[in-house]
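Single-letter residue listing:
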Amino acid sequence: MKANRGFDEETDVVVIGAGIGGLTCGAYLAKRGKRVKVLEQHYVPGGCCTSFNRKGFQFDAGVLHLAGGKESGAFQRVLSALDIEDELEFREQFQRFVFPDVSLESSRDVTHWPSLLKDKFPREAEGIVGLFDVIGKIHDDIRRLPETSPLIKKYRYKSFQELLDEYIRDAKLKALVSANWHLWHPNWRNSAIDYAALLITEQSRGYFYPMGGVQSIPDALVRALERHGGEIEYKTLVNQIAVRDGVAVGVKTSEGKRIQAKQVVSNVAARSTFLNMIGEDHLPAEFVNLLRQLEISLSAFYVYLGVSIDPRGVGLDAPETIVYETYDNTREWELLLRGEPSIPCFGIAVPTYIDSTLAPQGCHVVIVMTMAPYHLRNRSWSEEKREMSDTLIAKAEKLIPGLSQHIIVRDAATPLTYERYTLNTMGAAMGWAYSPSMFLKRLDQRTPIHNLYLAGHWTTPGGGVPTVALSGLKAARMILGE
Ligand SMILES: Cc1cc2nc3c(=O)[nH]c(=O)nc-3n(C[C@H](O)[C@H](O)[C@H](O)COP(=O)(O)OP(=O)(O)OC[C@H]3O[C@@H](n4cnc5c(N)ncnc54)[C@H](O)[C@@H]3O)c2cc1C
C-alpha cells in the first residue's frame, strides 16, 4: 500500500522505542500478522535492559535480575505468547542483605522472614505477625478487589513508613523489614500498598538471571519480531507523532522521514511523548496538568568493574549483596533527595557467579550501584563522577579486600548516562515514582489521542522488566481488540 501524501512510507503499526515494553508489543503484533516497524534511537535494543562490552568483560548497564524469571506469571505469559520460552535460560540467584551486625538472605518462602525476625525480636513478635499479615492481605486485595477492599482504602494515601510505625517500634527491626530497595525510594516516599505488594511478589517469585547477560532478553524479542516479518531500525530518533483531528496517523524522525501508521505505540518517556512529540495544543488541559504534576522516580549510579580476583575467595558469595552501613539511613536519604551525592545503601552484583562466560577466564564482573538524584545541588555529575565511583569502590573493598588492586576495567554511569542512552526523563529507573500520592496514577495505556498507545514503565502496570513486558503485550492486545 502506498503512503498518503506527506508521508514517505506506510505500515500498520509504528513502535517508538525498543525497550522491553516496545519490543514485546511489536513482536506480538507482528506474530498476529501486523506490519510493524520499531524505531530505536540507540544502536542496540533493550533500553534499561542492555549490556555492553569492554576488553572481554560484558556488563549489564542497568537491569541486574528479573523477579521470577520465566516463572513469574507476567513474564511467562509474554514468553509463551511469543513462543520464545526455549530461547532464554534463567538461573535462580539470591540476594544477601548486610546490616552492621546482621545479614539476611532472600528466601522464596514468605513465612521465612517473619519467623526469623520473630526469633531475633521476640518482644515485637505480635507486631511482626500483624504487619506481615496485613502486607499479605494488601498483596492479595490489590490483585483481586482493589476498589472494594477496606485495606486498600485505609492505606491508599499512606507511606510504607506509616504502615511500619503502626506495627513495629524497634528502629533496627524496621530497617530489616524494609531492606528491599526495589522501589528506589525511602520508606516515607514509598506507597504502603505498592511496597507491600512488591515485598510479597518479589520474595515469593525469587530473583533470576538470564544466561548470556540481560541483553539476551531484548535480543530474543528482536528475533521474535523479525521472524514474523517485523522490522527494527536503529539510530532512528523519532521527534514527532503526527496527529490529525485527535488521531495519531504516523511519526516523523529527526532525519525528516515521515512514516504513516494506523496505530502508534510509544515506549518513550511520557512527558516526551506528549509534550515534545505531540504538543499541548492537541491535548486536554487537565491531561497536560496531570503530566506535569506526576512524580518521577530516582535514577542510579553504577560502577562497572572487570576484576582479576574472585570475590568468593574473600567470602562474598552472593550474586547480589545489598549493604546498609547503618540501621537508620534517614539522613543519607534526606541528603540524596536534596541533591547531594549521598549513599543510603549500595549493592554489589557479581553476575559471573552465575554466568562465567561474561568475563575472561579467572576474572569477574563486579557492579557496585546505588540510587542517585538527577540534579546535584553544588556540582555537575561530570565533576562528581570520579569521586562517587571511588567512594563506592572503597565501600565495596570493605567486603572484597584487595578489590582496588585487581581492577582491569573500570567505567561508571550517572543519571545523565541513563538519560542519554534511554531518553528516560531524568534517567528515571522506574518511570513514575511509587510515592503514596502516585498510587493508581500511572497513565492509562490508551491515551487522549486516538490510535496512540503506551507501553513500558510510564504506563500501567509499572516498572521492572516482567511488568513492562506485560504492558507491551497488553498494548498489542488492545490494538488487536483481543
Ligand atoms: C539502573 C537501572 C536498574 C534497573 N534494575 C532493574 C532490575 O534489576 N530488574 C528489573 O526488573 N528492572 C530493573 N530496572 C527497571 C527496568 O529496567 C525498567 O522499568 C524497564 O526496563 C523499562 O522498560 P521500557 O519498556 O519502559 O523501556 P526503556 O528501557 O525505558 O527503553 C525505552 C527505549 O526507547 C528508546 N527511545 C526513547 N526515546 C526515543 C525516541 N524519541 N525515538 C526512538 N527511540 C527512543 C530508548 O533508546 C530506549 O531503548 C532498572 C532500571 C534502571 C535504569
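A quick note: this is a predicted structure, and the numbers were derived from the prediction, not measured.

**A word on helix α4 (residues 125-144)**
Reasoning step 1: Given a rise of 1.5 Å per residue, 20 residues ought to cover 28 Å, and the 29 Å separating the end C-alpha atoms of α4 matches this to within 8%.
Reasoning step 2: Packing partners of the buried residues in α4 comprise α3 (112-120), α5 (150-155), α6 (160-167), α7 (171-177) and α8 (192-205).

**Observations concerning the pairing of strand β2 (residues 36-39)**
Sheet faces and side chains relate simply in a regular strand, where the side chains alternate between the two faces.
Reasoning step 1: Side chains Val36 and Val38 of β2 all project onto a buried face; the interleaved residues Lys37 and Leu39 project onto the opposite face, where all are buried too.
Reasoning step 2: Pairing of strand β1 (residues 9-16) with β2, which is carried by four bridges, proceeds in the parallel orientation. Paired with Val15 across the bridge in β2 is Val38.
Reasoning step 3: Traced from β1 through helix α1 (residues 20-31) to β2, the parallel crossover comes out right-handed.

**Looking at the domain arrangement of the protein**
Reasoning step 1: Its domain assignment divides the protein into domain 1 (9-50 + 67-92 + 212-295 + 432-480), domain 2 (107-205) and domain 3 (298-422).
Reasoning step 2: Of the residues lining the interface, 13 residues belong to domain 2; the matching set on domain 3 comes to 14 residues.
Reasoning step 3: Summed over both partners, the interface of domain 2 with domain 3 buries about 1200 Å², with 76% contributed by carbon and sulfur atoms.
Reasoning step 4: Of all residues in domain 2, Trp181, Trp184 and Trp188 bury the most surface against domain 3, accounting for 53% of the area lost on that side.
Reasoning step 5: Where domain 2 touches domain 3, the interface holds zero salt bridges.
Reasoning step 6: Grouping the amino acids of the side of domain 2 that touches domain 3 by side-chain chemistry returns eight nonpolar, three polar and two charged.

**Re empty space enclosed by the protein**
Reasoning step 1: Enumeration over the complete set of coordinates arrives at two cavities of 30 Å³ or more.
Reasoning step 2: Estimated volume of the largest cavity: approximately 120 Å³.
Reasoning step 3: As for the largest cavity, its lining consists of Phe97, Ser106, Trp113, Phe132, Val177, Ala179, Asn180, Leu199, Gln203 and Tyr207.
Reasoning step 4: The residue inventory of the lining of the largest cavity, partitioned by class, reads seven nonpolar, three polar and no charged.
Reasoning step 5: Of the volumes computed, that of the second largest cavity is approximately 30 Å³.
Reasoning step 6: Lining the second largest cavity are Leu64, Gln93, Tyr209, Pro319, Glu320, Ala349, Val350 and Pro351.
Reasoning step 7: The residue inventory of the lining of the second largest cavity, partitioned by class, reads six nonpolar, one polar and one charged.

**Section: the sheet that holds strand β8 (residues 103-105)**
Pairing between the strands of a sheet comes from backbone hydrogen bonds, and it takes one of two forms, parallel or antiparallel.
Reasoning step 1: Judged by pairing direction, the sheet is mixed, and its seven strands sit side by side in the order β8-β7-β15-β16-β17-β14-β18 without closing on themselves. Both edges of this open sheet fall to β8 and β18 (407-413), since each of them pairs with a single strand only. Averaged over neighbouring strand pairs, the angle between their axes works out to 15° when direction is ignored.
Reasoning step 2: The pairing of strand β7 (residues 95-98) with β8 spans three bridges and is classified as antiparallel. Within β8, the position partnered with Val98 by the bridge is Ser103.
Reasoning step 3: Those strands touched by helix α14 (residues 415-422) are β14 (299-307), β17 (364-372) and β18, and its axis lies near 95° from that of β14.

**Some remarks on the site of the ligand**
Reasoning step 1: Near the ligand lie 38 residues; those nearest to it are Gly21, Glu40, Gln41, Cys48 and His65.
Reasoning step 2: Contact between the ligand and Ile20: an oxygen atom at 3.4 Å from a main-chain N or O atom of the residue.
Reasoning step 3: In this structure, Gly47 approaches the ligand through a main-chain N or O atom, which is 3.5 Å from an oxygen atom.
Reasoning step 4: Protein contacts shield 97% of the accessible area of the ligand, which totals 1000 Å² for the unbound molecule.

**What to know about the pattern of salt bridges**
Reasoning step 1: Across all of its chains, the model carries 31 salt bridges by this definition.
Reasoning step 2: Put simply, Glu10 and Arg35 hold a salt bridge, and the shortest N to O gap is 2.8 Å. In this pair, Glu10 sits in strand β1 while Arg35 sits in the loop between α1 and β2, placing the two residues 25 residues apart along the sequence.
Reasoning step 3: A relative accessible area of 33% means that Arg35 is categorised as partly exposed.
Reasoning step 4: The partner of Arg227 in a salt bridge is Glu87, and the shortest N-O contact between them spans 2.7 Å. Residue Arg227 is found in helix α9 (residues 216-227), and its partner Glu87 is found in the loop between α2 (73-81) and β6 (90-93); the two are separated by 140 residues along the sequence.
Reasoning step 5: Looking at Glu87, the relative accessible area reads 28%, which means it is partly exposed.

**Quick look at the state of the cysteines**
A disulfide bridge is the covalent bond that connects two cysteines by way of their sulfur atoms.
Reasoning step 1: Considering all chains together, one arrives at zero disulfides under this definition.
Reasoning step 2: For the unlinked cysteine Cys25, the closest cysteine sulfur is that of Cys49, found at 17 Å.
Reasoning step 3: The cysteine Cys48 is free of any disulfide, with Cys49 supplying the nearest cysteine sulfur at 8.4 Å.

**So, the sheet that holds strand β5 (residues 66-67)**
Reasoning step 1: Read from one edge to the other, the open sheet built from three strands follows the order β5-β9-β6, with strand pairing classed as antiparallel. Each edge of the open sheet is held by one strand with a lone partner, namely β5 and β6.
Reasoning step 2: For β5 and strand β9 (residues 207-210), the ladder comprises two bridges, and the chain directions are antiparallel. From the neighbouring strand, Ala67 faces β9, where its bridge partner is Tyr207.

**Observations concerning the packing of aromatic side chains**
Reasoning step 1: Summed over all chains, the structure comprises 15 aromatic pairs.
Reasoning step 2: Summarising the aromatic geometry, the rings of Phe160 and Tyr195 are spaced 4.3 Å apart at their centres and angled 40° between planes, so their arrangement reads as tilted. With Phe160 in helix α6 and Tyr195 in helix α8, the pair connects residues that are 35 residues apart, well separated along the chain. In terms of burial, Phe160 and Tyr195 fall into one category: buried.
Reasoning step 3: Relative to Phe287, the ring of Phe274 has its centre 4.8 Å away and its plane inclined at 75°; by these criteria the two rings are edge-to-face. Pair noted here: Phe274 is in helix α10 (residues 270-276) and Phe287 is in helix α11 (residues 285-293), with a separation of 13 residues, a long-range link. Accessibility assignment for this pair places Phe274 and Phe287 in one class, buried.
Reasoning step 4: The rings of Phe52, Phe57, Phe59, Tyr302, Tyr304 and Tyr418 are connected pair by pair, giving a single aromatic cluster.
Reasoning step 5: Over the face of the ring belonging to Tyr434 we find Arg442, whose NZ or CZ atom lies 4.5 Å from the ring centre.

The rules behind these values
Residue indices follow the written sequence of each chain, beginning from 1 at its first position. Only residues with pLDDT of at least 70 are given local features in this predicted model, and only at 80 or more are side-chain atom pairs given and counted; all residues enter the totals for whole chains, interfaces and linings. Computation of side-chain values: all heavy atoms of the structure, hydrogens and water removed. Comment: elements are numbered from the N terminus, with helices defined as DSSP H or I runs of at least four residues and strands as E runs of at least two. Expected span of a helix: the number of residues minus one, times 1.5 Å. Any pair of residues with heavy atoms lying within 4.5 Å of one another is described as a contacting pair. When a residue's accessible area, from a 1.4 Å probe over protein chains only, is under 20% of the maximum for its type it is buried; when over 50% it is exposed; and in between it is partly exposed. Here the rule is simple: two strands pair whenever DSSP picks up at least two bridges between them. A crossover gets the label right-handed when its path from the first strand over the helix to the second runs clockwise, viewed with the strands pointing away from the viewer. Here the bounds of each domain stem from an automatic or database domain assignment. Buried area: the accessible area, evaluated with a 1.4 Å probe, that two parts lose upon being put together, summed over both parts. By definition here, a salt bridge exists when the distance from a side-chain nitrogen of Lys or Arg to a carboxyl oxygen of Asp or Glu is within 4 Å. Throughout, the ten residues Ala, Val, Leu, Ile, Met, Phe, Trp, Tyr, Cys and Pro are labelled nonpolar, Asp, Glu, Lys and Arg are labelled charged, and all others, Gly among them, are labelled polar. Here a cavity is any set of points on a 1 Å grid over the protein atoms alone where a 1.4 Å probe fits but cannot get out, and a pocket is any open set with protein on both sides within 12 Å along at least 5 of 7 lines; a residue lines the site when it has an atom within 4 Å of a point. Grid points are joined across faces, edges and corners, and a volume is the space filled by probe spheres set on the points. Axis lines are fitted through C-alpha atoms, for helices just across the contact stretch, and the angle between N-to-C directions can take any value from 0 to 180 degrees. Any residue with a non-hydrogen atom lying within 4 Å of a molecule or strand is treated as near it. Here a polar contact means two N or O atoms within 3.5 Å. Within protein one must be a hydrogen donor candidate and the other an acceptor candidate, and residues neighboring in sequence count only if both atoms are side-chain atoms. Computed by Shrake-Rupley with a 1.4 Å probe, the accessible areas treat only the displayed protein chains as cover when residues are assessed. Cysteine sulfur atoms are paired as a disulfide whenever they come within 2.5 Å of each other. By convention, a stacked pair of Phe, Tyr or Trp rings (six-membered ring in the case of Trp) has centres within 6.5 Å and planes under 30 degrees apart, an edge-to-face pair has planes over 60 apart, and any other such pair is tilted. Whether a charge sits over a ring depends on NZ of Lys or CZ of Arg being within 6 Å of the ring centre and within 35 degrees of the ring normal.

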